[in-house]
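# Results of the structural survey
In case you want the letters, here they are:
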Amino acid sequence: MNLLFIHQSFPAQYKHVAPHFAALGHRVVVLRQELGRSLPGVQEIIYAPEPVPDPGKGSFLGHVGPAFANARAVLEQARRLKAQGFTPDVMIGHNAWGETLFLKDVWPDTPLLSYFEYFYGRPGGDAAFDPEFPPGPDNAPHGRIMNTINLLGLQAADWGQSPTYWQRSRYPEIHHPRISVLHEGIDTDVLVPRPGIQLFLPGQARPLTRQDEVITFVSRNLEPYRGFHVFMRALPEILRRRPRAQVLIIGGDGVSYGPPLSDGRSFKDALLEEQKGRIDLSRVHFLGQVPYEHFVAVLQVSSVHLYLTYPFVLSWSMLEAMSTGCLVVGSRTPPVQEVIEDGVNGLLVDFFDRQGIADQMDRVLDHPDRLQDIRDAARRTILEGYDLRRVCLPRHVALIETLATGRPPLVPEQRLATAPPRPDDRLLERGAPASLSPVPAPPPPVAAALPPVPSRMSVEQALQTAARAQAQGSLEVAERILSAIVTQSPGTAVAAYRLALLHHGRGEFAEAARLIEQALLSDPENATYHCDLGVMYKNQKNLEKRLECYRRAVELDPKNPAILANYASALNDDDCPMEAEVVCRQALAVNDQAFAAVVNLGSALMAQNRLDEALEQFEKANVLDPNYPENGKNLGMCLLLKGDLPRGFAAYEGRFASKLDVLGRSYPQPRWDGRPFPGRTLFLHSEQGMGDTLQFIRYVPLVKILGSRVIVECQEPLLPVVRTVKGADEVIAAGTTPPPFDLYCSLMSLPYLLGDTLSTLPADVPYVSVPGPAPRLFQEARATSAPFKVGLVWAGSPGHGNDRRRSMALSALAPLLDVPGVTFFSLQKGPAADQLSAFKGRLIDLGPALSDFGDTAAVVSQLDLVIAVDTSIIHLAGALGRPVWALLAFHPDWRWLLEREDTPWYPSMRLFRQGPDGRWGPVVERVRAALQDTAVAARTDLLLGA
């Protein structure tokens, strides 16, 4: 399918739906005015409108001229596209700027879906709403001229889309049957409640938490259209009543909608001057326009959120606040009333009622626990009606796909006054490129008015009724009908499959798998069913069945890039990178822009240590989708393994984009940028595993030189050891509230900020020391042991993503236990320690005596050698400067580089590597030979010393 999107500031409203179609292999072309944020798989074409002369003061044509210039420029690009052989199946664009007006003159048979946001001048809208800012005499004629583009756009479009019912209601009623109400969606997987949130404000010694009284107000710009003037005038009374309240205000100083003040001042400055001396500015914090993660954190810490708006376009921020579980006090204006029912999922107040606003603040803050049901209902409202992945995107996709068939969509649904409560939907599988699922998105769980289902109907009629229910967003009705079909006519494969997708959308993967298996009994040659069954098994972590499903899907549809990419992902997970490479290349032979196949090919090549080839694929992936959050991590890992530390660490900083809360932090203080920080306090926090903390804690003394005070956070078991590091003024356990600080930084970002290369790594060891005596069990065993003492660790944490490759069974180390003159001590912790029962008398188990890394450090310091797989123990031994032999998988972690037997990170460490076959046997034989030589040399030295 060919899709053409048109938006001067793309991606805007199409940032989710356009890449969705591109990821499925459809051709997606965009016409936009200037280059900006790119989306994966999307071809962008720039259109350049001719400059339009200024019509002069008092003219009503200021908007019309540029709109027709846009339309003309888009028309020219559309003609070029048609001359090149491009014909879209659907055209999708925003109506407001005239861009869509002439598209049907180029492709008269292609349906046009236009976005209709606001129709000006009708009664009950923004005009004349606020008596403080009355409309001028030219307001009405100017609004009618503004609507010229609206009316021409309505005439040109085959179908329309508005984000809310109230916004659709502003358009002439004759057009309502051709306008679907469809919001762009709220990411409820990011905008979640966080009861334990801690928010640090600049200059504040103590973080704000949900136990504090926090009042929040958010607007793109602080202006009357969003009630900023009313809020500022209500603040003195609010602050008087609430002496403990802190007020957080997010928004810029400009104007987005109404006219600015004639004297050039911002509304913020004017209102601060007006309320001077009446507002305690020590408790009112103007945060400006903040990064998105800080905006989310402000909502998550909010006790009560005020949202005021003229009768105008509804802000995303109100819906985002509800998604985080905020208790929203909203203005009793139509856009808000469409979403909030007073006392059910929020509280309403008259827009101009300053006393009423203060009263509602009291109501919330006096009894916060009593109103939890309103907070829960607020989030449920967003989950059921505005959820991006489970409601809005599936409906957007369905609307476009329906238009592509040439059939008109269903008549827009009627909205129920309130949606019935339902449980919180679970996450859909995200589908990273290594496992993109071709599973169609489940139908959205939105209540809709549907006719009763007749008790008697044919299977075909029932399927059509279920499909209509899904299109209208009624999950319950669709599920009820499909369940009846599956029960009464179990051979109807499509019913079982559609029902499986509903269960998949709720995270019920076992039931979804059972239903797809039932569908396959009737339709065993359906490649999509086999592939989607593999996705269900992926979610159940059943690799064997997952591979089986993908193999069968590939047999049935060998040229489907999405199926091939899924199969390659499973092969990579099964440690079969060469086979995965072959499959990826098959997918790319069909579509060389198949993003998932490119990323999976890079992973397959990297697993074979073919780093230059892998880097080429990761760089290609970054071009195809520069916004994909794992790009930085993939590029960084590859470059670091090559030994290119400067470029690798720079790329690895992109890991912060892989998820919103990668650090579990929400600090408004700036991240440290590597520059000196005299007179200020830097907070260095842990990230990822304990081995990473031990590796990068070496940088603390170097950082200390650049500033005044350094606070270090580490995992609690590491506290005794990390407290011995020079340069740390204070060491705290992860999960505790840090003392006041000015800047913060992850320990793992320090090599990047300090500009290290392989030749400049700080490798002076030891950089930690032993905090106390060794456990008594070790002291007693040491007294009677052989002269050469070796500590063993054969497995890491089973929850580690690479554990199956890095760990081994204790039985694999059995050949070492026969080396004469050596006493072996087990330092193993966790489930793998149970394997010791088969080797009684051959090792001394110290695991029960090691309560933290302080105990382990005391033991390691008195051993002659540590032999271990790639886990935190080798970092501890290396940091102590003790001899340590690391046993590494063929494809190692980035820090161990390739081929060499030493490491610049730890001078006392020796590396023993697997071969390409991935077997531990040859590695252990080399270790055994080296251990014999080392033990003999140690005995000789002992005799000579004697």
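Residues numbered from 1 in each chain as written. Predicted model: local features only at pLDDT ≥ 70, side-chain atom pairs only at ≥ 80, totals over all residues. Heavy atoms only, no water.

### Description of the UniProt feature "repeat: TPR" (unreviewed entry) in the chain
Which entries qualify depends on this criterion: UniProt positions are given in the numbering used here, feature names are shortened, and annotations may be inferred rather than shown by experiment. Put simply, DSSP H or I for four residues or longer makes a helix, DSSP E for two residues or longer makes a strand, and each gets a number counted from the N terminus.
Under the local residue numbering, the UniProt record ascribes the feature "repeat: TPR" (unreviewed entry) to residues 493-526, 527-560 and 595-628. The annotated region residues 493-526 carries 79% helix and 0% strand content, and the separation between its end C-alpha atoms amounts to 10 Å. The span residues 527-560 is 79% helical and 0% strand by assignment, and the distance between its end C-alpha atoms comes to 9 Å.

### Remarks on the nonpolar core
Spelled out, the test is: Here the nonpolar core consists of buried residues drawn from Ala, Val, Leu, Ile, Met, Phe, Trp, Tyr and Cys, with membership extended through side-chain atoms lying within 4.5 Å. When accessible area is computed with a 1.4 Å probe and restricted to protein chains, residues below 20% of their type maximum are described as buried, those above 50% as exposed, and intermediate ones as partly exposed. We call two residues contacting when some pair of their heavy atoms lies within 4.5 Å.
Judged by nonpolar contacts, the single largest core of 105 residues is most densely connected at Leu684, Ile697, Leu827 and Trp905. Here this core gets 8 residues from one element, more than from any other, and that element is helix α22 (residues 595-607). If we ignore the near neighbours within four places in the chain, the residues touching leucine 684 are Val700, Val703, Val710, Ile711, Val712, Glu713, Cys745, Leu747 and Leu750. Membership of the second largest hydrophobic core comes to 39 residues, among which are Phe231, Val284, Leu306 and Val364.

### Things to note about the packing of helix α20 (residues 561-573) against helix α21 (residues 577-590)
Short version of the rule: Only the contacting stretch of a helix is used when fitting its axis, a line to C-alpha atoms as for every element, and angles between N-to-C directions run 0 to 180 degrees. Here is the rule for angles: anything less than 35 degrees is roughly parallel, anything more than 145 is roughly antiparallel, 65 through 115 is roughly perpendicular, and the remaining ranges are oblique. Note on convention: near helix rotated counterclockwise from far helix by under a right angle means a left-handed crossing. Clockwise means right-handed. Under this grouping Gly is polar, as are all residues other than the nonpolar Ala, Val, Leu, Ile, Met, Phe, Trp, Tyr, Cys and Pro and the charged Asp, Glu, Lys and Arg.
Here α20 crosses α21 at 165 degrees, and the two axes come no closer than 8 Å. In this view, α20 runs roughly antiparallel relative to α21, as classed from their interaxial angle. Helix-helix and strand crossings are classified by hand; for α20 and α21 the assignment is left-handed. From α20, Pro561, Leu564, Tyr567, Ala568, Leu571 and Asn572 reach across to α21, where they touch Pro577, Glu579, Ala580, Val583, Cys584, Gln586, Ala587 and Val590. Broken down by class, the residue content of the contact of α20 with α21 amounts to 11 nonpolar, 2 polar and 1 charged.

### What to know about the UniProt feature "domain: Glycosyl transferase family" (unreviewed entry) in the chain
With numbering aligned to this structure, UniProt lists the feature "domain: Glycosyl transferase family" (unreviewed entry) at residues 25-190 and 210-380. Between the first and last C-alpha atoms of residues 210-380 the distance is 20 Å; the span itself is 39% helix and 18% strand.

### Points about the sheet that holds strand β17 (residues 743-746)
Stated formally: Two strands qualify as a pair provided that DSSP identifies no fewer than 2 bridges between them.
Spatially, the 4 strands line up as an open sheet ordered β16-β15-β14-β17, and their pairing is parallel. The two strands at the open ends of the sheet, each matched to only one other strand, are β16 (730-733) and β17. Here the strands of the sheet are splayed against their neighbours by 25 degrees on average, with no regard to which way each runs. Looking at chain direction, strand β14 (residues 677-685) and strand β15 (residues 707-714) are connected through 5 bridges and run parallel. Each bridged residue has a counterpart across the sheet, and for threonine 681 the counterpart in β15 is arginine 709.

### What to know about the packing of aromatic side chains
In plain terms, the rule: Side-chain rings of Phe, Tyr and Trp (the six-membered ring for Trp) are treated as a pair once their centres are within 6.5 Å; stacked means planes under 30 degrees apart, edge-to-face means over 60, and tilted covers the remaining angles. Two conditions define a charge sitting above a ring: the NZ of Lys or the CZ of Arg must be within 6 Å of the ring centre, and it must be within 35 degrees of the ring normal.
Here the structure, examined in full by the defined rule, presents 34 aromatic pairs. Ring geometry for phenylalanine 5 against tyrosine 14: centres 5.3 Å apart, planes inclined by 55 degrees, an arrangement best described as tilted. We note that phenylalanine 5, like tyrosine 14, is buried. An aromatic cluster is present here, built from Tyr118, Tyr120, Phe129, Trp166, Tyr225, Tyr257, Tyr310, Phe312, Phe351 and Phe352 joined pairwise through their rings. Lying across the ring of phenylalanine 286, lysine 268 places its NZ or CZ 5.1 Å from the centre. Above the face of the tryptophan 885 ring, arginine 910 is positioned so that its terminal group lies 5.5 Å from the ring centre.

### Notes on the confidence of the model for the chain
Condition: The predictor's confidence in any single residue is recorded as pLDDT, a number from 0 to 100.
Residues of the chain with pLDDT of at least 70 account for 91%, and the chain-wide mean is 88. Contacts of residues 411-455 to residues separated by more than four positions or lying in other chains number 127 contacts, the stretch itself having pLDDT below 50. Under a pLDDT of 50 for its full length, residues 658-664 has, in the predicted model, 14 contacts with residues more than four places off or in other chains.

### What about the state of the cysteines?
Test applied: Cysteine sulfur pairs qualify as disulfides if the two atoms are within 2.5 Å.
Per the counting criterion, the structure on display carries 0 disulfides. Looking at cysteine 584, it has no disulfide partner, and the nearest cysteine sulfur is the one in cysteine 576, 13 Å off. Free of any disulfide, cysteine 714 has its nearest cysteine sulfur in cysteine 745, 16 Å distant. A relative accessible area of 0% means that cysteine 714 is categorised as buried.

### A few points about unusual backbone geometry
The peptide bond linking phenylalanine 10 to proline 11 adopts the cis configuration, its omega dihedral lying at 20 degrees. Tracing the chain through its elements places proline 11 in the loop between β1 (2-6) and α1 (17-23). Residue proline 766 is reached from valine 765 by a cis peptide bond, and omega for that bond is 0 degrees. Non-glycine residue alanine 12 carries a positive phi angle of around 45 degrees. Structurally, alanine 12 can be placed in the loop between β1 and α1. You can call alanine 12 partly exposed: its relative accessible area is 31%. The phi angle at asparagine 609 is positive, at roughly 65 degrees, despite the residue not being glycine. Along the chain, asparagine 609 turns up in the loop between α22 and α23 (611-624).

### What to know about helix α33 (residues 872-880)
Of all 9 residues in α33, 9 are buried, a share of seventy percent or more. Taken residue by residue, α33 has Ser872, Ile873, Ile874, His875, Leu876, Ala877, Gly878, Ala879 and Leu880 as its buried positions. Taken from the residues just after α33, glycine 881 is the one with a positive phi, measuring 75 degrees.

### What about the pattern of salt bridges?
Condition: We define a salt bridge as a side-chain nitrogen of Lys or Arg found within 4 Å of a carboxyl oxygen belonging to Asp or Glu.
Inspection of every chain in the model, using the stated rule, returns 47 salt bridges. The partner of arginine 805 in a salt bridge is aspartate 575, with the nearest N and O atoms 2.4 Å apart. Linking arginine 805 in helix α31 (residues 803-806) with aspartate 575 in the loop between α20 and α21, this pair joins segments that are 230 residues apart in sequence. The exposure class of arginine 805 is partly exposed, given its relative accessible area of 26%. The shortest N-O distance in the salt bridge between arginine 647 and aspartate 644 comes to 3.3 Å. Three or more residues are tied together by salt bridges with common partners; here these are Glu213, Glu237, Arg240, Arg241, Arg242, Arg244, Asp359, Asp362 and Asp366.

### Here we look at the pairing of strand β2 (residues 27-32)
Where we set the bar: If the strands point away from the viewer and the path from the first strand over the helix to the second runs clockwise, then the crossover is right-handed.
For β2, the tally of buried residues reaches 5 of 6 residues, placing the bulk of the element in the interior. Pairing between β1 and β2: 5 bridges, direction parallel. For leucine 3, the partnering residue across the bridge sits in β2 and is valine 28. Note on the crossover from β1 through α1 to β2: the handedness is right-handed. Taken together, the 5 bridges between β2 and strand β3 (residues 42-46) define a ladder with parallel strand orientation. Residue pairing across strands places valine 29 opposite glutamine 43, the latter belonging to β3.

### Here's the deal with the side chain of aspartate 362
Position of aspartate 362 among the secondary structure elements: in helix α11 (residues 354-366). We classify aspartate 362 as buried; its relative accessible area is 14%. Residues in contact with aspartate 362, not counting those within four places in the same chain, are Arg241 and Arg242.

### Some details on the sheet that holds strand β13 (residues 347-349)
With respect to topology, 6 strands assemble into an open sheet ordered β10-β9-β8-β11-β12-β13, the strand pairing being parallel. Of all the strands in the sheet, the pair left with one neighbour each is β10 (284-288) and β13. Strand-to-strand twist across the sheet, computed as the mean angle between neighbouring axes with direction ignored, equals 20 degrees. Pairing of strand β8 (residues 214-221) with strand β11 (residues 304-307) involves 3 bridges; the strand directions are parallel. Looking at the pairing, isoleucine 215 lines up with valine 304 of β11. Of the strands in this sheet, β8, β9 (246-252), β10 and β11 are in contact with helix α6 (residues 228-241), which crosses β9 at around 165 degrees.

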